[in-house]
Amino acid sequence: MFDALVDHYRPHLRLLGLDLAAAILSGLLELAFPLAIAAFIDHLLPLGQWGLTLWAAAGLGIVYCLNAGLMTVVIYLGHKLGIAIETGLRLRAFEHLTRLSFGWFDRNETGKLVARVTRDLEEVGEVAHHGPEDLLIALMTFAGAFALMVWLHLPLAVLTVVIVPLMVALLTIYGGRMTRAWQAIYGQLGQFNVRLAETLGGIRVVQAFTNEPHERRLFARANEDYRRAKLEAYRLMAAAATLQYMGLRLVQVVVMVAGAGFVFAGSLSTGDFVAFLLLVTVFFRPLEKIAAVIETYPRGIAGFQRYQALLAEVPEIADAPGAVAAPALSGRIAFERVSFGYDPARPVLREVSLTVEPGQTVALVGASGAGKTTLFSLVGRFYLPQSGQIRIDGQPIERFTLASLRAQIGVVSQDVFLFGGTLRENIAYARPEADEAAILAAVRAAQLEDLLADLPVGLETVVGERGVLLSGGQKQRVAIARVFLRNPPILLLDEATSALDRATERRVQAALASLARGRTVLVIAHRLETIRHADRIVVLEDGRIVESGSHEALLAGGSAYRALWGGLGDGLGDGLAPPGAGLGAEARPVQAVGRGST
Ligand SMILES: Nc1ncnc2c1ncn2[C@@H]1O[C@H](COP(=O)(O)OP(=O)(O)OP(=O)(O)O)[C@@H](O)[C@H]1O
Ligand SMILES: [Mg+2]
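For clarity, every value in this text was computed on a predicted model and none was experimentally measured.

Draft legend 1. The overall build of the protein, seen in detail. Looking only at helices and strands, the protein has 19 helices and 10 strands in total. Its C-alpha radius of gyration of 36 Å places the protein more than 25% over the 25 Å reference for a compact globule of 598 residues. In terms of overall dimensions, the protein has C-alpha extents of about 120 × 50 × 50 Å along its principal axes. Of all 598 residues assigned to the protein, the portion counted as buried reaches 44%. Here the protein displays about 30000 Å² of accessible surface, and carbon together with sulfur accounts for 63% of that area. Positive and negative side-chain charges in the protein, numbering 55 and 56 respectively, have mean positions lying 3 Å apart.

Shown next as structure tokens:
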């Protein structure tokens, strides 16, 4: 772990060297001041000469200026080093995160991941910068001040040092307690952030259920816990600071009394006496630094360990060794006895075998939770089957690099996710280099023209966080426009037209039909009338293909398919969704197939 951290200094060795050199020099000057004062009192003062005194003062002034400059350098360079390391770590953490697969994200909360990339690494940066510098300077001034004190007056030095174990004990006890207090604070802060994000992110649900008072209560509790945790930390901080101050002053008083005795006895000069008193302060200063290091170290180390754990996460899904870029695919998709479960103990798909010829449109129907969306996820290798194989154009999909495979698959998913930018950015996300003409063509194809005409700034309209400023149907058409722009040979449409009114749906269907020409299309449909002309309809039941054939054949011979049409199947009798209800697809009642019988 330590080696790993040291590795991160390697690119910044020059900076580290400069920082440490300046810090050491400044520390040495700090040590030299008491001696200069001693010389001044013992040798210059008795001479009674203004000229020399002023020269000495000027010299001291210059040295002070030098030291001030050095301190600026240390603060600036030290932090520069810290943030250089922090920035590097953050970039690597983010890059790694983008490589991890769906399954991993299923298991990790976004809020915590955000904290890892932001707060954790900030702590690491702090320690990375203060750690070596503070430790070095602390040790140096500690040892240096002690050596000078011994050199000035041994018995007095011994007297001073007696208090050190006491102070160290104090620091250790309070340091440990402070660390725990800070951990509690950070724990509370995590809770707090989660609360805040949940409530604000879900404010529409909160208000729809008029649960504001409930949310306020929950927040007030988290807020109060946070206050308590912080208060405890500050109580400890106050106690530690008081004890530390008292310890230091106590030593000063003892040294003053004992020193005065030595001065009276003639074994100590006045100048050395003053220098000694000044050195006592220098001697104890590192203890404060060490206390600060004790406090920040555990946090930084914990952050760094979490960072390492993150980097150690091997992406479940990556390019197989020897994977090649997929050629332009014609789109023959074959599932061969594919079984899969998000949790291998609970299979979602069981031995699914299905072949879709290039240019065919195959519709997937079945009850909610049957595994339709899951089957789609496997085609783009977002999850890996536990057994069986998926081939495209005869090649197992793992032969292809992920990027080249996914580039040829267009997906319109059940819950459309839009980014907080403009309409243009959201559509062009499919092909960032697309020109205006291509974007407008996609807009037309996805039947978004009317919407665009209504918007004062057209494509530059900001769609809000996750696209909240658009209706469900509009969002879905943006998703469709993306696929038009991408123009892939394989289309996966997950209930692609569910949130559209009948008129728009018909137009989008027409557009999709023209898009589908010459492409392989897998479409999941809940409104069965939209897929009656599919080349083949496959009925999925509990992860198994139970029926397959044309609409007419299935109506004649398939009981499961007939049941879907009749609304007689499992949990299918609701048929509540009004056509084109502007709800997000996920919010729709399952399987609005009851309407099929009207
Ligand atoms: N990311 C996930 N992690 C764990 N389980 C999941 C995940 N996604 C879906 N499931 C489970 O897998 C099963 C199949 O889900 P899937 O989304 O494939 O159903 P579906 O047929 O698309 O249903 P719907 O018609 O409601 O969209 C469900 O039992 C669901 O709870
Ligand atoms: Mg689904």
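Still more ground to cover, so stick around.
Draft legend 2. Molecular detail of the packing of helix α6 (residues 154-161) against helix α7 (residues 163-201). The geometry of α6 relative to α7 is characterised by a closest axis approach of 5 Å and an angle of 25° between their N-to-C directions. On the basis of their axis angle, the class for α6 and α7 is roughly parallel. Along the contact surface, α6 presents Leu-159, Thr-160 and Val-161, while α7 presents Ile-163, Val-164 and Pro-165. Of the residues belonging to the contact of α6 with α7, the class tally is five nonpolar, one polar and no charged.

Draft legend 3. Examining the sheet that holds strand β2 (residues 349-356) more closely. In space, the four strands of this open sheet follow the order β2-β1-β4-β5, with antiparallel pairing throughout. Two strands close off the open sheet at either side, each with one partner strand: β2 and β5 (395-396). As defined by bridge partners, strand β1 (residues 333-340) adjoins strand β4 (residues 387-392) across five bridges and the pair is classed as antiparallel. Its bridge partner lying in β4, Glu-336 is registered against Gln-389.

Each value, and the rule that gives it
- Residues numbered from 1 in each chain as written.
- Chains lettered and ligands numbered in written order.
- Predicted model: local features only at pLDDT ≥ 70, side-chain atom pairs only at ≥ 80, totals over all residues.
- Heavy atoms only, no water.
- Helix = DSSP H or I, 4+ residues; strand = E, 2+ residues; numbered from the N terminus.
- Rg over C-alpha atoms; globule rule 2.2 N^0.38 Å.
- Buried < 20%, exposed > 50% of the residue type's maximum accessible area, 1.4 Å probe, protein only.
- Areas by Shrake-Rupley, 256 points an atom, 1.4 Å probe, with all protein chains shown as cover.
- Lys, Arg positive; Asp, Glu negative; His and termini not counted.
- Charge placed at Lys NZ, Arg CZ, Asp CG, Glu CD.
- Axes fitted to C-alpha atoms, helices over the stretch in contact; angles between N-to-C directions.
- Parallel < 35°, antiparallel > 145°, perpendicular 65-115°, else oblique.
- Contact = heavy atoms within 4.5 Å.
- Nonpolar A, V, L, I, M, F, W, Y, C, P; charged D, E, K, R; others polar.
- Pairing = 2+ DSSP bridges.

Geometry only, nothing functional implied.
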